[in-house]
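Summary of the model geometry
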Amino acid sequence: MALQDIDPVLVMERLCFATPWSREAFIGEVRDNECAHYLVGETAGRVVAYGGFWRVLDEGHITNVAVHPDYQGLGYGKILLDALLRRAAELGVVSATLEVRESNFRAIRLYEKFGFEPAGRRKGYYADNGEDAIIMWQRDLENIP
Ligand SMILES: CC(C)(COP(=O)(O)OP(=O)(O)OC[C@H]1O[C@@H](n2cnc3c(N)ncnc32)[C@H](O)[C@@H]1OP(=O)(O)O)[C@@H](O)C(=O)NCCC(=O)NCCS
């Protein structure tokens, strides 16, 4: 992700999430945060997916994963997550974690396909509706399914 990708990323962020990140948040991640790594996925010259993680020692903390609603269910999420995890592994990351809404079955299924397993719950984590977050970990990035 480069600064010029942030406009289409913000469109997707607002379409996909109840509490979207601001432009300033993405600028900070892309320009200033040395532990942050963000990728975008393009098709036919259009940015249709994005995601990122923070590398913290040998852990990857996935911050967001999203595919434009017009392109969901077509395999882009799998391509994106695969690319994120491989980039993390190249950087020496051995395990990855994320939080996901407990009602977000589609995302949970995607993460399970890549070896993520539920490891805990954050009660009332999501401010918009008080939903719990499921904490998931993938502890063997050398062997991404
Ligand atoms: C979750 C998300 C990233 C998945 O991306 P996608 O491009 O739609 O997913 P893919 O087409 O690559 O499918 C990946 C897997 O997700 C699951 N999946 C996809 N569509 C699904 C559906 N309608 N119902 C249930 N599972 C589904 C399947 O396990 C699928 O793998 P399979 O096709 O081998 O069965 C995307 O739907 C999205 O951006 N959602 C809104 C934002 C979001 O919730 N992000 C995650 C926050 S933690």
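Residue numbers run consecutively from 1 along every chain, following the written order of its sequence. Side-chain atom pairs in this predicted model are given and counted only at pLDDT of 80 or more, local residue features only at pLDDT of at least 70, and totals for whole chains, interfaces and linings cover all residues. In computing side-chain properties, one takes all heavy atoms of the structure into account and sets aside hydrogens as well as water.

As annotated in an unreviewed UniProt entry, the protein chain carries the name [Ribosomal protein bS18]-alanine N-acetyltransferase and comes from Gehongia tenuis. UniProt positions are given in the numbering used here, feature names are shortened, and annotations may be inferred rather than shown by experiment. You can read under Subcellular location (unreviewed entry) in the UniProt record for the protein chain the words "Cytoplasm". Under the UniProt heading Function (unreviewed entry), the note attached to the protein chain is "Acetylates the N-terminal alanine of ribosomal protein bS18."

Positive phi values are uncommon outside glycine, yet Ala44 reaches one of about 50 degrees. A helix here means a DSSP run of H or I that spans at least four residues, while a strand means a run of E at least two residues long, and both kinds are numbered starting from the N terminus. Its place among the elements puts Ala44 in the loop between strand E1 (36-43) and strand E2 (46-56).

As a further point, take the pairing of strand E3 (residues 59-67). Successive side chains on a regular strand alternate, one facing one side of the sheet and the next facing the other. Direction of pairing for E2 relative to E3: antiparallel, over a ladder of eight bridges. Bridge pairing in E3 places Trp54 opposite His61. Linking two consecutive strands that pair antiparallel, namely E2 and E3, is a turn of two residues; a positive phi of about 55 degrees is found at Leu57 within it. Whether two strands pair comes down to DSSP finding at least two bridges between them. Bridging between E3 and strand E4 (residues 95-101) involves three bridges; their strand directions are parallel. Within E4, the residue paired with His61 across the bridge is Thr97. Following the backbone out of E3, through helix H3 (residues 76-90) and into the adjacent parallel E4, one traces a crossover that is right-handed. The definition of a right-handed crossover adopted here requires that, viewed with the strands pointing away, the path from the first strand over the helix to the second runs clockwise.

This brings us to the pairing of strand E6 (residues 133-138). Only protein chains enter the accessibility calculation, which uses a 1.4 Å probe; a residue is then buried when its area is under 20% of its type maximum, exposed when over 50%, and partly exposed in between. Counting buried positions along E6 yields six of six residues, so the element is predominantly enclosed. The alternating pattern of E6 places Ala133, Ile135 and Trp137 and Ile134, Met136 and Gln138 on opposite faces, both of which are buried. Where E4 lies against E6, six bridges are found, and the strand directions are antiparallel. The partner of Thr97 across the bridge, within E6, is Trp137. Here strand E5 (residues 117-122) pairs with E6 via five bridges, running antiparallel. Bridge pairing links Gly120 to Ile135 in E6.

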